[in-house]
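# Breakdown of the fold
Listed here are the chains, written in short residue letters.
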Amino acid sequence: MTSPTSVDPQALEDLVDANHILFNKGVVDAFGHVSVRHDKRPDRFLLARNMAPALVRADDVQEFDLDGNLTTDDARRVYLERFIHGAIYHARPDVAAVVHSHSPSVVSFSAVKSAKFRPISHMCGFLGDGAVRFEIREFAGDATDLLVRNGALGVALAKTLGSGNVVLMRGHGSTVVGPTLKHAVYRAIYTEVNARLLADALRLGDVEYLSSGEALATMKTNEGQLERPWALWKEAANRDRTR
Ligand code: MN
């Protein structure tokens, strides 16, 4: 057991806000979680204890190493799927935040192998040429509870994600990453939006997806102004909390 390194108070506040925003936007409910890489220790990350994200406060945040071990003597229950976060931070030095959720519209696309999950809106260009799909049966057989509940499954998930921003998890949900917390939150919200739009569009007819070039260009434009949605989402989430 090692001692925790002091965390930038703003980073901690943003992580608490991210928990509330993701609930307010319907990405997480009682389940799902968001983490951020430690600002001073890249080999550690911050994640709330096992609880509903909407209820998270600063003192609910715990610190982990990249193998998913707590760095403090803390008896409070931890999330079963914390291995998702550590394995991705280990594999992807460019990633500073991870959102894992079961946001409902995305689950359909995780389960339908023939349905490509590509961007159909300019707000969703971060999906690039499409999200990859993680099939847990390839790594753990056909009788699991579908959860990434150990380090080996975390590594397998991170490998499937590769250099992408989003990985669908068959019959379960998705994991979304970003170079900052605000990127990851934005992408998690718009991953759910893309799934809703795409499910609608597929009922109407042949879908024209964003090209690779359009995906890249729109991603650059939208992700250059993340403070704007963040300010709105934070205000809305906090307003709803104090009612
Ligand atoms: Mn899960």
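In case you missed it, the structure is sitting above this.
Scope of this entry: the structure provided in the associated data block. It should be emphasised that the depicted structure is a prediction, and the values quoted were computed from it without experimental measurement. (Residues numbered from 1 in each chain as written. Predicted model: local features only at pLDDT ≥ 70, side-chain atom pairs only at ≥ 80, totals over all residues. Heavy atoms only, no water.)

### Quick word on the sheet that holds strand β1 (residues 33-37)
Whether parallel or antiparallel, the strands of a sheet pair through hydrogen bonds between backbone atoms. Rules: When DSSP finds at least two bridges between two strands, those strands are taken to pair. For the purposes of this entry, the term helix denotes a DSSP run of H or I that reaches at least four residues, the term strand denotes a run of E that reaches at least two, and both are numbered from the N terminus. Lines fitted to C-alpha atoms define the axes here, with helix axes fitted over just the stretch in contact, and angles between the N-to-C directions of these axes take values from 0 to 180 degrees. Contacts: residue pairs with any heavy atoms within 4.5 Å of one another.
Read from one edge to the other, the open sheet built from seven strands follows the order β3-β2-β1-β4-β7-β6-β5, with strand pairing classed as mixed. Single-partner strands in this sheet number two, and they are β3 (61-65) and β5 (132-134). Between one strand axis and the next, the sheet turns through 25 degrees on average, direction left out of account. Contacting β5, β6 (166-169) and β7 (173-178), helix α5 (residues 151-161) runs over the sheet at an angle of about 165 degrees to β5.

### Some details on the layout of surface pockets
Short version of the rule: For each structure, a 1 Å grid was placed over the protein atoms alone; sets of points admitting a 1.4 Å probe that cannot get out are labelled cavities, open sets with protein on both sides within 12 Å along at least five of seven lines are labelled pockets, and lining residues have an atom within 4 Å of a point. Grid points are joined across faces, edges and corners, and a volume is the space filled by probe spheres set on the points. Put simply, Ala, Val, Leu, Ile, Met, Phe, Trp, Tyr, Cys and Pro go in the nonpolar bin, Asp, Glu, Lys and Arg in the charged bin, and everything else, Gly too, in the polar bin.
Counted as a void, the largest pocket has a volume near 210 Å³. Together, Ala30, Phe31, Gly32, His33, Asn50, Met51, Arg77, Tyr79, Leu80, Glu81, His102 and Leu147 line the largest pocket. Classifying every residue of the lining of the largest pocket by side-chain character gives six nonpolar, four polar and two charged.

### Side note on the pairing of β1
Note the following rule: To sort residues, take the accessible area from a 1.4 Å probe on protein chains only and compare it with the maximum for the residue type: under 20% means buried, over 50% means exposed, and anything in between is partly exposed.
A large share of β1 lies buried, amounting to five of its five residues. The alternating pattern of β1 places His33, Ser35 and Arg37 on one face and Val34 and Val36 on the opposite face, and all of these are buried. Across four bridges, the pairing between β1 and strand β4 (residues 97-101) is antiparallel. By the bridge assignment for β4, His33 is matched with His100. Where β1 meets strand β2 (residues 44-48), three bridges bridge the pair, whose relative direction is antiparallel. The residue bridging Arg37 from the neighbouring strand is Phe45, located in β2. Count of turn residues in the β1/β2 antiparallel hairpin: six residues.

### Digging into unusual backbone geometry
Despite not being glycine, Leu146 has its phi angle at roughly 75 degrees, a positive value. Positionally, Leu146 belongs in the loop between α4 (137-140) and α5.

### Points about the pattern of salt bridges
Worth spelling out the cut-off: The term salt bridge refers to a side-chain nitrogen of Lys or Arg lying within 4 Å of a carboxyl oxygen of Asp or Glu.
Tallied over the full model, the rule gives 14 salt bridges. A salt bridge links Lys234 to Glu13; its shortest N-O distance comes to 3.3 Å. With Lys234 in helix α8 (residues 227-242) and Glu13 in helix α1 (residues 9-24), the pair connects residues that are 221 residues apart, well separated along the chain. Classification of Glu13 by relative accessible area gives partly exposed; the value is 38%. Note that Arg41 and Asp43 form a salt bridge whose closest N and O atoms lie 2.9 Å from each other. Salt bridges linked by common partners bring Glu13, Asp17 and Lys234 together as one network.

### Focus: the coordination of the manganese ion
Applied cut-off: Donor selection uses N, O and S atoms within 2.8 Å of the metal (3.2 Å for Na, K and Ca). Since no water is included, sites may look incomplete.
For the manganese ion, the full set of protein donor atoms is Glu81 (OE), His100 (NE2), His102 (NE2) and His172 (NE2), and the range of their distances to it is 2.1 to 2.2 Å. Motif for the manganese ion, donor spacing along one chain: E-x18-H-x1-H-x69-H. Here the residue Glu81 occupies a position in the loop between β3 and α2 (83-91), and His172 occupies one in the loop between β6 and β7, the gap between them amounting to 91 residues. Its relative accessible area of 5% is what places Glu81 among the buried residues. Classification of His172 by relative accessible area gives buried; the value is 8%.

### A word on the environment of Pro9
Locating Pro9 in the fold gives a position in helix α1. Classification of Pro9 by relative accessible area gives exposed; the value is 62%. Separated by 49 residues in the primary sequence, Pro9 and Ala58 have C-alpha atoms spaced 9.3 Å apart.

### Some points on α1
Worth spelling out the cut-off: Expected span, for any helix, means 1.5 Å times one less than how many residues it has.
Compared with an ideal rise of 1.5 Å per residue, which puts 16 residues at 22 Å, α1 spans 23 Å between its outermost C-alpha atoms and is within 8% of the ideal. Here α1 has its buried residues at Ala11, Asp14, Leu15, Val16, Asp17, Ala18, Asn19, His20, Ile21 and Leu22. Just downstream of α1 lies Gly26, where phi reads positive at about 75 degrees.

### Some thoughts on the pairing of β3
For β3, a buried count of four out of five residues is recorded, marking the element as mostly surrounded by other parts of the structure. As judged from the five bridges shared by β2 and β3, these two strands associate in the antiparallel manner. Of the residues in β3, the one forming a bridge with Ala48 is Val61.

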